[in-house]
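Inside the fold
Spelled out from the first residue to the last, the chains are:
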Amino acid sequence: MTDEHDGRNGPDAHDSPHAPDGPGPRPDSGQDAFRALLHAQRVWDTELPAFDTAAAPDEPLPLFHQWFAEAVAAGQPEPQTMTLATADERGLPDVRILMLHDADARGWHFASHSTSRKGRQLAGRPAAALGFYWAAQGRAVRLRGRVLTAGAEESSADLHARSTGALASALVGRQSEVLDSPDELARASRAAWRRAEREPTAEAASWTAYVLEPAEVEFFQGDAGRRHVRLRYRREGDAWVRELLWP
């Protein structure tokens, strides 16, 4: 969030690196319209909270709990959503959005199928990064660390703490596989819903709970004057070191 475009200094939507009859690509009205729309967007059209880093706790978890509660109170839609970044066997990054299931002294919890792309990547490289963005207050939190796999009992408890629809989705399985047609998904989904309603304790063998144990946690507070406040917690042994970062 340090390179927002405020729309005042961007290229004119009518400018083009090539004249219409000159060499090079022809002007693309769709691309021009997109750029004009992109450059017209604003961020943080609201009063942003202050962040007194001197009053921050010695560990990141209490501050995360506080900021999460404040995001909910501020009306942030789906504050429990987060990005999860992993790397494949070649070291290439991958990212997706999923739900936070808990945040406690062990770490930040989420779940997925072990057979999914992220499950396979975590099996091969058990480290990841998480990112939260709460636009209602111009805040972000990001974490990096190793990922532990929970046992079968904990994974089952996680699965059955969710809604019937979530259980049905887990029972469908086959996440990240190639889908031949929407009809195939519809049939599998209907069958899974019927089973979830009939067997609320049904198991999805590949459903796995994960815990990210953070080595770093950064709290970012946006500032309208671009003097953003960044506080990083970095683990050293059993203790946390707090550091301010340049925006």
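Given the structure is predicted, the values throughout are model-derived calculations rather than measurements.

Attention now moves to the overall build of the protein. When its secondary structure is counted, the protein shows six helices and nine strands. Here the protein holds 247 residues, and 34% of them are scored as buried. Put simply, 65% of the contacts in the protein that link residues at least 6 apart link residues at least 24 apart. Of the accessible surface of the protein, which amounts to about 15000 Å², a share of 52% is contributed by carbon and sulfur atoms.

This structure, assessed with the given rule, holds 12 aromatic pairs. An angle of 20 degrees between the planes, with centres 5.4 Å apart, marks the rings of Phe 110 and Tyr 210 as stacked. Placement of Phe 110 in strand β4 (residues 107–113) and of Tyr 210 in strand β7 (residues 207–221) is noted, with a sequence separation of 100 residues between them. Accessibility expressed as a relative area gives 4% for Tyr 210, which makes it buried. A connected cluster of aromatic rings, assembled from ring pairs, spans Phe 51, Trp 67, Phe 219, Tyr 233 and Trp 240. The ring of Trp 67 is capped by Arg 139, whose NZ or CZ atom sits 4.1 Å from the centre of that ring.

Definitions and cut-offs
Residue numbering note: each chain is counted from 1, following its sequence as written. Under the rules for a predicted model, residues below a pLDDT of 70 receive no local features and side-chain atom pairs below 80 are neither given nor counted, while totals for whole chains, interfaces and linings still include all residues. The side-chain quantities take in all heavy atoms of the structure and omit both hydrogens and water. Think of it this way: any DSSP run of H or I at least four residues long counts as a helix, any run of E at least two long counts as a strand, and we number them from the N terminus. Think of it in three bands: residues with accessible area under 20% of the maximum for their type are buried, residues over 50% are exposed, and the middle band is partly exposed, with areas taken using a 1.4 Å probe on protein chains only. Between two residues, a contact is recorded if the distance between any of their heavy atoms is within 4.5 Å. Exposure was quantified through the Shrake-Rupley algorithm and a 1.4 Å probe, taking into account, for residues, occlusion by the shown protein chains and nothing else. Between rings of Phe, Tyr and Trp, where Trp is taken as its six-membered ring, a pair exists when centres lie within 6.5 Å; planes separated by under 30 degrees are stacked, by over 60 edge-to-face, and by other angles tilted. Over a ring means this: the NZ of a Lys or the CZ of an Arg is within 6 Å of the ring centre and within 35 degrees of the ring normal.

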